[in-house]
Amino acid sequence: MRICILGATGLVGGELLTLIDRAWPDAELALYASRDQTLEHAGRTHQVYAASSLEQADTRGGELAFVALDDQYSARYCPRLVELGYRVIDKSNTYRMNPEVPLIVAGVNHRRATADTKLVANPNCTTIPLSLALEPLRAHYGLGEVTVSSYQAISGAGLAPLTSFVDATIAGFSQMQRAGELSGALLDASAYPGNVVPHNGSTDDSGFSSEERKLVNESRKILELPKLGLSAQCCRVPVPVGHYENVWVELERPADAAGITELLGAAPFVRYFPGPEGTHLTALATVQHRDDALVGRVRRDGRDTNGRRWCLTVAADNLRLGAATNAVRIASAWFDAADPSLRV
Ligand SMILES: NC(=O)c1ccc[n+]([C@@H]2O[C@H](COP(=O)([O-])OP(=O)(O)OC[C@H]3O[C@@H](n4cnc5c(N)ncnc54)[C@H](OP(=O)(O)O)[C@@H]3O)[C@@H](O)[C@H]2O)c1
């Protein structure tokens, strides 16, 4: 099998390389990025080609392509990959709300990837774990309304912002220590280090950012609840990897904590943390359990009067479960994966 990765040198591309080794260890790789270069990964040197070379008439095709590029490059290369015979899984926002393209969370609606499907959209990194937690509740109790507040890692913005964040954090905290000024007054109030910043890219007339709109619209499409009452507010927090979401759910039918615990404890690709305290359920814990959604802190909302209002917490490694792992699991519907944990 020939597998192509576009964006192989990026954060998500690197995770895809690791997972492809686990899922299809004998696959031939065709790697692309912005330009010709070499890439060191897991002790091997790979040749990476300029993605523009895919537009040459004599380019070889293959079976499976993962696209981990920004939106405009996905729009440029995905149609070409399909033309070359690849089944394509796109990580960007480009096709997610296209009614012709299935938007898939493995463990929720992976049956949308059929033998005839050539292009699949992989959802946003906060949508994937949220959908895994909501789907069992939807199926058993029905979903009334959902409210989400997210605390998202810097790596969600890509390799260059993550590197700058680490450098600026080291420099900023060193400066604080040298000056004996620990309040944060010496840090840049508009930057990520030591800060909480609104996720405010592409804020539209509604006042909500594109990240907030993605979480709402994508969840409705995946759960097949186009009118679901869902509202989200998203922030970036100074965490390298691991998106964390506090969730308020109003169910259509009453539940008790034992029932919810039983459902979430058995849900696919969910690692359930029992008890309301959420001990060990942190953003950085996701880096220890990279291929699962971490779900816990289930407790009755203080305003509840009838067993329908609940609070819970969802967290996931945004590069793995929130990106590469979901893409590989979707592809396992077409090409059986050697590693059982990567199969749907
Ligand atoms: N990071 C996350 O948590 C996350 C989660 C879910 C979805 N996503 C989505 O996944 C995609 C990739 O994200 P990422 O975090 O991996 O980004 P990244 O670390 O910034 O990597 C970007 C990749 O795009 C390549 N690239 C840049 N310009 C290009 C061009 N003109 N032609 C071809 N390739 C080009 C880069 O290659 P060079 O090295 O040659 O520049 C690099 O391989 C984005 O759509 C993002 O929204 C990211």
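Being a predicted model, the structure only gives us computed values, none of them experimental.

1. What to know about the site of the ligand
Residues in contact with the ligand amount to 25 residues; listed here are only the nearest, Thr-9, Val-12, Ser-34, Leu-69 and Asn-318. Within the contact set of the ligand, an oxygen atom lies 2.5 Å away from a side-chain nitrogen or oxygen of Thr-9. A distance of 3.1 Å separates an oxygen atom of the ligand from a polar atom in the backbone of Gly-10. Protein chains bury 80% of the 900 Å² of accessible surface belonging to the ligand in isolation. Elements supplying a minimum of two residues to the shell around the ligand: helix H1 (11-23) and helix H7 (320-331).

2. Things to note about the nonpolar core
Ranked by internal contacts, the top residues of the largest apolar core, which has 59 residues, are Leu-6, Leu-81, Leu-132, Leu-251, Ile-260 and Val-295. Mapped onto the domain boundaries, this core takes at least three residues apiece from domain 1 (2-123 + 323-342) and domain 2 (127-153 + 196-317). With near-sequence residues (within four places) excluded, Leu-6 lies in contact with Tyr-32, Leu-54, Phe-66, Val-67, Ala-68, Leu-69, Tyr-77 and Leu-81.

3. Observations concerning the pairing of strand E8 (residues 143-152)
Sheet topology note: the E8/strand E11 (residues 243-251) ladder contains 8 bridges and is antiparallel. Looking across to E11, one finds that Thr-147 is bridged to Trp-248. In this sheet, strand E10 (residues 229-236) lies alongside E8 in parallel orientation, the contact comprising 8 bridges. Looking at E10, one finds that Gln-152 is bridged to Arg-236.

4. Examining the environment of Phe-165
Following the sequence through the fold, Phe-165 ends up in helix H4 (residues 159-179). For Phe-165, a relative accessible area of 7% translates into the label buried. Along the chain, Phe-165 and Leu-215 lie 50 residues apart, while their C-alpha atoms are 24 Å from each other. Contact partners of Phe-165, with chain neighbours within four places excluded, come to Ile-154, Tyr-192, Pro-193, Pro-238, Val-239 and Pro-240.

5. With respect to the sheet that holds strand E12 (residues 270-273)
The 7 strands lie next to each other as E9-E10-E8-E11-E14-E13-E12, forming an open sheet whose pairing is mixed. Taken across any chain shown, the strands that pair with only one partner, and hence form the sheet edges, are strand E9 (197-198) and E12. When E11 meets strand E14 (residues 309-316), the two strands line up antiparallel, connected through 8 bridges. Bridging across to E14, Glu-245 finds its partner in Val-314. Contacting E8, E10 and E11, helix H5 (residues 210-223) runs over the sheet at an angle of about 140° to E10.

6. Some points on the domain arrangement of the protein chain
The domains assigned to the protein chain are domain 1 (2-123 + 323-342) and domain 2 (127-153 + 196-317). Once you take the C-alpha centre of each, domain 1 and domain 2 turn out to be 27 Å apart. Buried surface at the junction of domain 1 and domain 2, both sides included, amounts to about 1600 Å², of which 58% is carbon and sulfur. The tally of links from domain 1 across to domain 2 stands at 4 salt bridges.

7. Remarks on the pattern of salt bridges
Applying the stated criterion across every chain yields a total of 20 salt bridges. Across the pair Arg-213 and Asp-204 runs a salt bridge, and its minimum N-O distance is 3.3 Å. Using a relative accessible area of 33% as the deciding quantity, one classes Asp-204 as partly exposed. Among the salt bridges present, the one from Arg-290 reaches Asp-317, with a minimum N-O distance of 2.6 Å. Of this pair, Arg-290 sits in the loop between E12 and strand E13 (293-300) while Asp-317 sits in the loop between E14 and H7, and the two are 27 residues apart along the sequence. Classification of Arg-290 as partly exposed rests on a relative accessible area of 22%. Several salt bridges converge on common partners, so that one network encompasses Glu-15, Arg-22, Arg-290, Asp-291, Asp-317, Arg-320 and Asp-339.

8. Points about the sheet that holds strand E7 (residues 119-121)
One open sheet holds the 7 strands; their spatial order is E3-E4-E2-E1-E5-E6-E7, and the pairing between them is mixed. Among the strands making up the open sheet, the edge pair consists of strand E3 (37-41) and E7. Strand-to-strand, the axes of this sheet are offset by a mean angle of 25°, without reference to chain direction. Relative to E7, strand E6 (residues 87-90) is paired through 3 bridges, and the arrangement is parallel. The residue bridging Val-88 from the neighbouring strand is Leu-119, located in E7. Lying over the sheet, helix H2 (residues 71-83) contacts strand E1 (2-6), strand E5 (64-67), E6 and E7, oriented at roughly 160° with respect to E6. Here H7 sits on the sheet in contact with E5, E6 and E7, set at roughly 160° to E5.

Definitions and cut-offs
- Per chain, residue numbering runs from 1 following the sequence as it is written.
- Two thresholds apply to this predicted model, a pLDDT of at least 70 for residue-level local features and 80 or more for giving and counting side-chain atom pairs, whereas whole-chain, interface and lining totals are computed over all residues.
- Only heavy atoms go into the side-chain values, all of them from the structure, while hydrogens and water stay out.
- Being near a molecule or strand, for a residue, comes down to having at least one heavy atom within 4 Å of it.
- Counting of polar contacts relies on pairs of N or O atoms within 3.5 Å, with two restrictions inside protein: one atom must be capable of donating a hydrogen and the other of accepting it, and residues adjacent in sequence are counted only when both atoms are side-chain atoms.
- Accessible surface is estimated by sampling points in the Shrake-Rupley manner with a 1.4 Å probe; for residues, cover comes only from the protein chains shown.
- Only runs of H or I of at least four residues qualify as helices and only runs of E of at least two qualify as strands under DSSP, and these elements are numbered from the N terminus.
- Joining through side-chain atoms within 4.5 Å is the link that ties buried Ala, Val, Leu, Ile, Met, Phe, Trp, Tyr and Cys residues into a set, and such a set is a nonpolar core.
- For every residue, the accessible area obtained with a 1.4 Å probe (protein chains only) is divided by the maximum for its type, and the residue is called buried under 20%, exposed over 50%, and partly exposed between those limits.
- Note that the domain bounds reflect an automated or database-derived domain assignment.
- Contacts are assigned to residue pairs that have any heavy atoms within 4.5 Å of one another.
- Two strands form a pair only when DSSP identifies at least two bridges running between them.
- Axis lines are fitted to C-alpha atoms, over the contacting stretch for helices. Their N-to-C directions set the angle, which ranges from 0 to 180 degrees.
- Two parts placed together each lose some accessible area; with a 1.4 Å probe, that loss summed over both constitutes the buried area.
- In what follows, salt bridge is the name for a side-chain nitrogen of Lys or Arg lying within 4 Å of a carboxyl oxygen of Asp or Glu.

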